[in-house]
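Geometric and topological summary
Read off the chains here:
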Amino acid sequence: MKALIVDDSRAMRLIIGKILTEIGFEIIEAKDGAEAMKYFDGTGQVDLALVDWNLPNMNGLELITYIRSNPLNNDICVIMCTSETEKSRVTDALSAGANEYVMKPFTRDVMLAKLELLGMVRS
Amino acid sequence: MINGTSSPLLSVDFDYVRQMMFDYSSVVLEAGKEYLVEARLLSIVQEREMNSLGELVEALRKKSSNKLRQEVVEAMLTNETSFFRDVKPFESIREFVLPDLISKRSAERTLNIWCAACSGGQEIYSFLMLIKEYFPILEGWKLKVIASDLSLRMLEKAKRGIYSQLEVNRGLPAAYLVKYFEKVGLEWEIHENFRKSIEFLSVNLGSSWPALPVMDLILMRNVMIYFDVKTKKRVLNQAAELMNSDGYLFLGGVESTINLADQFEIVSWKQSSCYRPNRV
Ligand SMILES: C[S@@+](CC[C@H](N)C(=O)[O-])C[C@H]1O[C@@H](n2cnc3c(N)ncnc32)[C@H](O)[C@@H]1O
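Given the structure is predicted, the values throughout are model-derived calculations rather than measurements.

**With respect to unusual backbone geometry**
- For the bond running from A:Lys104 to A:Pro105, omega is 0°, close enough to zero to count as cis.
- Residue position: A:Pro105 is located in the loop between β5 (100-103) and α5 (108-117).
- A positive phi angle is found at B:Arg109, which is not glycine, with a value near 55°.
- Tracing the sequence through the fold places B:Arg109 in the loop between α5 (88-104) and β1 (110-115).

Written out as structure tokens, the structure reads:
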């Protein structure tokens, strides 16, 4: 299984990458929305995408909207992973097509529990 | 660090705390868990402006205050929990247990549910959210939902239904967060109708239980692990007595009734198991 981590912070990409590698994901990284777009051409390049909200060039919400605009991407699980914590933000992300929402800062357990909810990891 | 708190716990003091935990909570503190006592009681030592753990244990020995004892017992309990913990048991409740109970109780339209070590409430609220999402049919039923714990502090938290960001992040589907919680400052509060549908009780599973209704479903997860075999047997037998014979008991992932209470039959559903007191 392949996971794409879209975050402009290298440290954050490393943290998330480490958790996902431990449970068997292959990691791809992108540092902004525009760079991430090419992985969502509908050819199944990734199974899971972790998307930060505030990104240079195309923000996370726009990226998720773009991903969901192509029905061939329907099977991709998308988690918005951000320091935005207002309820309206969570609602907006879900409406745009995010499957889950992780608020920063988070722990390894939080990430694993979300993946378990999505059926992407065995407890 | 204040004076003396770094000095090691004397073994007589450790033994005192161990015995007290066993007497008041049935929880077994194994040898070698001195570090746990130190870690969990340090804040009490500091709050009470005592000089050392030894001084705290001395105060306990004098039995001057039940409040202090209660505080120490509660501080020693492990309250670890999360929303939809382990996921699978909730899937089996949704796909199998509740549909079965609903069909069997369709005449009485009554269900009695007990969450027997509810900690901060995440487990029972998860259950109620699941009902809200998937079993609108139960809205016309009489549901008795009891949540209990030994720890008054945890019961208070469960009653308030207010959770930190980290707590709602952990195991709670984001869709339920926006549907069933409101953000209050930095925390999240579950809607009042959930809180109002639960009766909260303080129950020590290790001693005699208050009069409770006959149960259709008992969640008693991740609490028996702290008990010795004798207590486990007693607790399971009491649970069996309290249940309808076609009711269901859920235990934690590493707990079971095997070799403890043989009247239970194991019911497996996908990757999780629950237990039915199959008395004839
Ligand atoms: C690890 S938590 C489990 C919470 C929840 N059931 C779960 O599975 O996530 C254990 C809980 O059992 C409670 N507990 C410990 N000893 C108890 C006793 N003798 N009677 C009732 N509750 C007890 C603790 O206060 C704590 O809240």
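**Some points on the domain arrangement of chain B**
Residues and elements named next belong to chain B.
- Domain parsing of chain B yields domain 1 (11-76) and domain 2 (88-277).
- Tallying the contact residues gives nine residues for domain 1 and 11 residues for domain 2.
- Together, the buried faces of domain 1 and domain 2 total about 740 Å²; carbon and sulfur atoms form 50% of this surface.
- Of all residues in domain 1, Ser26, Val28 and Glu74 bury the most surface against domain 2, accounting for 54% of the area lost on that side.
- Between domain 1 and domain 2 we count zero salt bridges in total.
- Inspection of the domain 1/domain 2 interface yields five residue pairs in polar contact (both at pLDDT 80 or more).
- Contributing elements (two or more residues each) for the side of domain 1 that touches domain 2: α1 (11-25) and α4 (66-76).
- Class assignment for the residues of the side of domain 1 that touches domain 2 results in five nonpolar, three polar and one charged.

**Here's the deal with the interface of chain A and chain B**
- If you look at the interface, chain A gives 22 residues, while chain B gives 20 residues.
- Both faces considered, chain A and chain B share a buried interface measuring about 1,700 Å² in area, 59% of it formed by carbon and sulfur atoms.
- For the chain A face of the interface with chain B, the top three residues by lost area are A:Lys87, A:Met103 and A:Leu117, together amounting to 34%.
- Note that A:Asp109 is salt-bridged to B:Arg170, the shortest N-O span being 3.7 Å.
- Where chain A packs against chain B, one counts nine residue pairs in polar contact (both at pLDDT 80 or more).
- At the level of secondary structure, the elements contributing two or more residues to the side of chain A that touches chain B comprise α4 (87-96), β5 and α5 of chain A.

**Thoughts on the confidence of the model for chain B**
All names here are of chain B.
- Of the residues in chain B, 97% reach a pLDDT of 70 or more, and the chain-wide mean stands at 95.
- Throughout residues 1-5 the model reports pLDDT below 50, and contacts reaching past four residues in sequence, or to other chains, amount to 12 contacts.
- As a predicted assembly, this complex carries a pTM of 0.96 together with an ipTM value of 0.96.

**Notes on the environment of A:Asp7**
Residue and element names in this part refer to chain A.
- For Asp7, the position within the fold is in the loop between β1 (2-6) and α1 (10-22).
- Each C-alpha atom of the pair Asp7 and Ala30 lies 6.6 Å from the other, and the pair is 23 residues apart in sequence.
- If sequence neighbours within four positions are ignored, Asp7 has contacts with Met12, Arg13, Ala30, Lys31, Asp52, Leu55 and Lys104.
- Of note is the side chain of Asp7, whose polar atom sits 3.0 Å from the backbone nitrogen of Ser9.

**Topic: the packing of aromatic side chains**
Residues and elements named next belong to chain B.
- In the structure shown here, the tally under the stated rule is 10 aromatic pairs over all chains.
- Look at Phe84 and Phe90: their rings are 5.1 Å apart centre to centre, the planes differ by 65°, and that puts the pair in the edge-to-face class. Across this residue pair, the class does not change: Phe84 and Phe90 are buried.
- Among the aromatic residues, ring-to-ring pairing joins Phe84, Phe90, Tyr176, Tyr180 and Phe194 into one connected group.
- For Arg61, the ring lying beneath its charged end belongs to Tyr16, and the centroid distance is 5.1 Å.
- Above the face of the Tyr134 ring, Arg94 is positioned so that its terminal group lies 4.5 Å from the ring centre.

**What to know about the site of the ligand**
All names here are of chain B.
- In the vicinity of the ligand there are 23 residues, among which Ser25, Thr81, Arg85, Asp149 and Asn222 approach most closely.
- A distance of 3.3 Å separates a nitrogen atom of the ligand from a polar backbone atom of Leu150.
- Between the ligand and Arg221, the relevant distance is 2.9 Å, taken from a nitrogen atom to a main-chain nitrogen or oxygen of the residue.
- Of the residues that constitute the shell around the ligand, the class distribution is nine nonpolar, nine polar and five charged.

**Comments concerning the side chain of B:Gln122**
All names here are of chain B.
- As for its placement among the helices and strands, Gln122 is situated in helix α6 (residues 122-134).
- On the basis of relative accessible area, Gln122 is assigned to the buried category, the value being 3%.
- Those residues within four positions of Gln122 in sequence are excluded, and the remaining contacts are Thr81, Ser82, Phe83, Tyr163 and Glu167.

**Here we look at the pattern of salt bridges**
- As enumerated under the stated definition, the model contains 31 salt bridges over all chains in all.
- Between B:Arg94 and B:Glu95 there is a salt bridge, with its nearest N and O atoms 3.9 Å apart.
- With a relative accessible area of 27%, B:Arg94 lands in the partly exposed category.
- The exposure class assigned to B:Glu95 is partly exposed, which follows from its relative accessible area of 28%.
- What emerges from the salt-bridge pattern is a single network uniting A:Asp7, A:Asp52 and A:Lys104.

Cut-offs applied
Residues numbered from 1 in each chain as written. Chains lettered and ligands numbered in written order. Predicted model: local features only at pLDDT ≥ 70, side-chain atom pairs only at ≥ 80, totals over all residues. Heavy atoms only, no water. Helix = DSSP H or I, 4+ residues; strand = E, 2+ residues; numbered from the N terminus. Domains from an automatic or database assignment. Contact = heavy atoms within 4.5 Å. Buried area = accessible area lost by both parts, 1.4 Å probe. Salt bridge = Lys/Arg side-chain N within 4 Å of Asp/Glu carboxyl O. Polar contact = N/O pair within 3.5 Å; in protein donor to acceptor, adjacent residues only side chain to side chain. Nonpolar A, V, L, I, M, F, W, Y, C, P; charged D, E, K, R; others polar. pLDDT = per-residue confidence, 0-100. Phe/Tyr/Trp six-rings, centres within 6.5 Å; stacked < 30°, edge-to-face > 60°. Buried < 20%, exposed > 50% of the residue type's maximum accessible area, 1.4 Å probe, protein only. Lys NZ or Arg CZ within 6 Å of the ring centre and 35° of its normal. Near = heavy atom within 4 Å.

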